[in-house]
Amino acid sequence: VKRVKDHFGVKVNDVVAALVGGVVRQLLVDRGELPMASLVALEPVSVHGLSDSTARNQVSGMLVSLQTHIADPVERLLAVAEANTFAKEQVSAIKPTLLQDFGEVVGPVLLGVAKRVYARLTEFRPMYNVILSNVPGPDPARYFLGARVVAMYPFGPVLHGAGLNVTLWSVNGTLYIGLISCPAVIPELTGLAAVSYTHLRAHETEA
């Protein structure tokens, strides 16, 4: 991943998103269900500033276009990188505690009504299709109950409207990928893992 990142001058998250986009694209192509519009991933991001003294959690969600409509891996990567730059600007422009502060102003009753309305509006057309997270792990790896940690396979949540979660965790220079899905969406994940490996090699070959 770092080799691809350095060659094309992008970020690790851009390579990860392009990889996931290629995997999801191939899955949908094999099913004959590839949409014309790109699928979107919801990526949790920390927006806690170093100068911020508040103890509140400051985690936001960035909507990442996976560019699943682009077949060429290099074109997809560059398109993802461009879209991510714009998405990061949007996230940084929003105060991380905005929703909590808004709730304190309007009150819990009105905020509860707003949440229910939003849930109803997005029940059938959610804004995202995949949950994607890339977390840098301990380097060097630590110990757990006296045993050295040599690998970490993370598993994130599957949320309403997104039947696939892809979480990546790096340990000692190796990127481990955790896949979890709703059985109604993807009954068997073994094939998806194999496709992930193939697409990563495709990006590396292009680099």
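Residues numbered from 1 in each chain as written. Predicted model: local features only at pLDDT ≥ 70, side-chain atom pairs only at ≥ 80, totals over all residues. Heavy atoms only, no water.

Explain the overall build of the protein chain here, please?
Scanning the protein chain from terminus to terminus reveals six helices and seven strands. Reading the protein chain from its N end, one meets helices and strands in the order α-α-β-β-α-α-α-β-β-β-β-β-α. Taking the intrachain contacts of the protein chain between residues at least 6 apart in sequence as the baseline, contacts between residues at least 24 apart amount to 63%. Put simply, the protein chain shows about 12500 Å² of open surface, and 61% of that area lies on carbon and sulfur atoms. (Helix = DSSP H or I, 4+ residues; strand = E, 2+ residues; numbered from the N terminus. Contact = heavy atoms within 4.5 Å. Areas by Shrake-Rupley, 256 points an atom, 1.4 Å probe, with all protein chains shown as cover.)

How should I be thinking about empty space enclosed by the protein in this particular structure?
The method is simple in principle: a probe with the dimensions of a water molecule rolls over the atoms, and the space it marks as empty is what remains. Considering all chains together, one arrives at one cavity of 30 Å³ or more under this definition. In this structure, the largest cavity occupies an estimated 70 Å³ of space. As for the largest cavity, its lining consists of Leu-19, Val-20, Val-23, Val-24, Leu-164, Val-166, Leu-168, Ile-177, Leu-179, Leu-192 and Ser-196. Among the elements of the structure, α2 (12–31), β6 (164–171), β7 (174–181) and α6 (190–206) are those that each provide at least two residues to the lining of the largest cavity. It is α2 that provides the largest number of residues to the lining of the largest cavity, a total of four residues. Each residue belonging to the lining of the largest cavity can be placed in one class, and the counts come to 10 nonpolar, one polar and no charged. (1 Å grid on protein atoms, 1.4 Å probe; cavity = no way out; pocket = protein on both sides within 12 Å on 5 of 7 lines; lining within 4 Å. Points joined across faces, edges and corners; volume = space filled by probe spheres on them. Nonpolar A, V, L, I, M, F, W, Y, C, P; charged D, E, K, R; others polar.)

For this particular structure, what's the right way to read the packing of aromatic side chains?
In this description, a pair of aromatic rings is defined by centroid distance and the angle of the planes. Throughout the structure, instances matching the rule amount to one aromatic pair. Ring geometry for Tyr-153 and Tyr-176: centres 5.1 Å apart, planes at 75 degrees, overall edge-to-face. Taken together, the positions of Tyr-153 in the loop between β5 (147–148) and β6 and Tyr-176 in strand β7 put the pair 23 residues apart, joining distant regions of the chain. With a relative accessible area of 52%, Tyr-153 lands in the exposed category. Classification of Tyr-176 as buried rests on a relative accessible area of 13%. (Phe/Tyr/Trp six-rings, centres within 6.5 Å; stacked < 30°, edge-to-face > 60°. Buried < 20%, exposed > 50% of the residue type's maximum accessible area, 1.4 Å probe, protein only.)

What should I look at first to understand the pattern of salt bridges in this one?
Opposite charge on two side chains lets them pair, provided their charged atoms get close. Under the definition given, this model contains two salt bridges. Lys-5 is the partner of Asp-6 in a salt bridge, and the nearest nitrogen-oxygen pair spans 2.6 Å. Between Glu-33 and Arg-31 there is a salt bridge, with the nearest N and O atoms lying 3.9 Å from each other. Relative accessible area serves as the criterion here: at 46%, Glu-33 is assigned to the partly exposed category. (Salt bridge = Lys/Arg side-chain N within 4 Å of Asp/Glu carboxyl O.)

What exactly am I supposed to notice about α2 here?
Each turn of an α-helix holds 3.6 residues, which means side chains three or four residues apart point in the same direction. The terminal C-alpha atoms of α2, which comprises 20 residues, lie 29 Å apart, in line with the 28 Å expected from a rise of 1.5 Å per residue. Once α2 ends, the next one or two residues include Gly-32, with phi positive near 70 degrees. (Expected span 1.5 Å × (residues − 1).)

How should the environment of Pro-136 be read in this particular structure?
Position of Pro-136 relative to the elements: it lies in strand β3 (residues 130–136). Residue classification places Pro-136 among the exposed residues on the basis of a relative accessible area of 67%. Taking the C-alpha atoms as reference, Pro-136 lies 5.7 Å from Trp-169; in sequence the two are 33 residues apart. For Pro-136, the contacting residues outside a window of four places in its chain are Trp-169 and Ser-170.

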